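Here is how the chains run, residue by residue.
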Amino acid sequence: MYTILEVIAVALSLTFLILLIQEVKWCWPFGITSSALSIVLFVEAKLYSEAILYFFYAVIGFYGWWVWTRRTKKEVGQSVKKISRSWSALVFAAGLLGAWGLGTMFSKVSDAAHPFIDATTTSFSFVASFLEAHKILSAWIYWIGINGVSVWLYFERGLPIYSALMIIYFAVSIYGWFDWKKKWARAAI
């Protein structure tokens, strides 16, 4: 069951990603379902910060579904933006603070595996999700790092299929960086 659940969750995640890239609003139910199944897997793997993260993804999935079913054509094509260095520093500091807080909590009150690494990928995923929702180019830099570390983290915890998914997400993050960078450059002209 554990492996079958992982396969189903990953298949739903890939479906979500493909539909998201194509900007199809039906991506959101796939993402919500995948996130809900992932919560179960991450609790079993003692990656509690990841379980919290996927709960966040499920909630954001409902928000995304709501936003995408109500957005106008103008909103679909909003341009990619950059933020100032001071905002970038503030966003990075928020990610570090969240990582320290979650890591400290789970290292003291649970049997979490790799509490600080898990907390760091989780905290910076919150940051990257926020930036991505606002079409901030630097979101992809965070996703490249998060997905790269997650390849090892998931594999080490006995989730090889999720680890393979993170390899795909890592590659897509690199593609996303270059794609959004081109869009930003065109909008800046």
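Keep in mind that what you see is a predicted model, and the values were worked out from it rather than measured.

Participant: What is the right way to read the environment of G98 from this model?
Facilitator: Mapped onto the fold, G98 is located in helix α5 (residues 85-109). Put simply, G98 and V127 are 29 residues apart on the chain and 9.5 Å apart in space, counted from C-alpha to C-alpha.

Participant: Looking at this structure, I do not really get the packing of helix α7 (residues 139-156) against helix α8 (residues 160-188). What am I missing?
Facilitator: For any two helices packed against each other, the geometry is given by the interaxial angle and the distance between the axes. Here α7 crosses α8 at 165°, and the two axes come no closer than 8 Å. By the angle between their directions, the pair α7 and α8 is classed as roughly antiparallel. Crossing hand, α7 versus α8: left-handed. Looking at the contact of α7 with α8 residue by residue, the class counts come to 17 nonpolar, 6 polar and no charged.

Participant: I'm lost on the packing of helix α2 (residues 27-44) against helix α3 (residues 48-70) in this one. Help?
Facilitator: One way to put it is that α2 packs onto α3 with a least axis distance of 8 Å and a crossing angle of 165°. In this view, α2 runs roughly antiparallel relative to α3, as classed from their interaxial angle. For the pair α2 and α3, the sense of crossing is left-handed. Each residue belonging to the contact of α2 with α3 can be placed in one class, and the counts come to 17 nonpolar, 4 polar and 1 charged.

Participant: Even after reading the chapter, I still don't get unusual backbone geometry, so can you show me in this structure?
Facilitator: It is generally the case that most residues other than glycine have a negative phi and that most peptide bonds are trans. With a phi angle near 60°, K46 is a residue other than glycine that sits in the positive phi range. By the secondary structure assignment, K46 is in the loop between α2 and α3. Notably, H114 is not glycine yet its phi reads approximately 50°, a positive angle. On the secondary structure map, H114 appears in the loop between α5 and α6 (115-133).

Participant: Would you explain a nonpolar patch on the surface in this entry?
Facilitator: On the surface, I52, M105 and V109 cluster together into a nonpolar patch covering about 260 Å² of accessible area. Structurally, V109 is set in helix α5.

Participant: Would you explain the pattern of salt bridges in this entry?
Facilitator: Pairing between side chains of opposite charge can happen when their charged atoms approach one another. Following the criterion strictly, the structure yields 3 salt bridges and no others. Its salt-bridge partner being D111, residue K46 comes within 2.9 Å of it at the nearest N-O pair. Of this pair, K46 sits in the loop between α2 and α3 while D111 sits in the loop between α5 and α6; the two residues are 65 residues apart in sequence, bridging distant segments of the chain. Of the residues examined, D111 reaches a relative accessible area of 44% and is grouped as partly exposed. For the salt bridge of K183 with D179, the shortest nitrogen-to-oxygen distance reads 3.1 Å. Highlighted residues: K183 and D179, both in helix α8, separated by 4 residues, approximately one helical turn. Since its relative accessible area comes to 36%, K183 is described here as partly exposed.

Participant: Whenever I open this one, the packing of aromatic side chains confuses me. Can you help?
Facilitator: Describing an aromatic ring pair means giving the distance of the ring centres and the angle of the ring planes. One pass over the full model with this rule turns up 14 aromatic pairs. Between Y48 and F106 the ring centres are 5.9 Å apart and the planes differ by 35°, which places this aromatic pair in the tilted class. Remark: F106 occurs in helix α5 and Y48 occurs in helix α3; sequence separation between them is 58 residues. Taking relative accessible area as the criterion, Y48 reaches 18% and is therefore assigned buried. Look at F106 and you get buried, because its relative accessible area is 10%. By the ring-pair criterion, three or more aromatic residues cluster together here, those being F42, Y54, F56, Y57, F126, Y154 and Y162. If you follow K82 out to its NZ or CZ, it ends over the ring of W184, 4.0 Å from the centre.

Participant: What is the right way to read α5 from this model?
Facilitator: Within an α-helix, residues lying three or four positions from one another point in the same direction, as the helix has 3.6 residues per turn. Taking 1.5 Å per residue as the helical rise, α5 with its 25 residues ought to reach 36 Å, and the 36 Å between its terminal C-alpha atoms agrees with that figure. Within α5 the residues assigned to the buried category are V91, G95, A99, L102, G103, T104 and F106. On its buried face, α5 sits against α3, α6 and α7.

Thresholds applied
- Residues numbered from 1 in each chain as written.
- Predicted model: local features only at pLDDT ≥ 70, side-chain atom pairs only at ≥ 80, totals over all residues.
- Heavy atoms only, no water.
- Helix = DSSP H or I, 4+ residues; strand = E, 2+ residues; numbered from the N terminus.
- Axes fitted to C-alpha atoms, helices over the stretch in contact; angles between N-to-C directions.
- Parallel < 35°, antiparallel > 145°, perpendicular 65-115°, else oblique.
- Left-handed = near helix turned anticlockwise from the far one by under 90°.
- Nonpolar A, V, L, I, M, F, W, Y, C, P; charged D, E, K, R; others polar.
- Patch = residues over 30% accessible without salt bridge, like charges linked within 9 Å, V, L, I, M, F, W, Y side chains within 5 Å.
- Areas by Shrake-Rupley, 256 points an atom, 1.4 Å probe, with all protein chains shown as cover.
- Salt bridge = Lys/Arg side-chain N within 4 Å of Asp/Glu carboxyl O.
- Buried < 20%, exposed > 50% of the residue type's maximum accessible area, 1.4 Å probe, protein only.
- Phe/Tyr/Trp six-rings, centres within 6.5 Å; stacked < 30°, edge-to-face > 60°.
- Lys NZ or Arg CZ within 6 Å of the ring centre and 35° of its normal.
- Expected span 1.5 Å × (residues − 1).
- Contact = heavy atoms within 4.5 Å.

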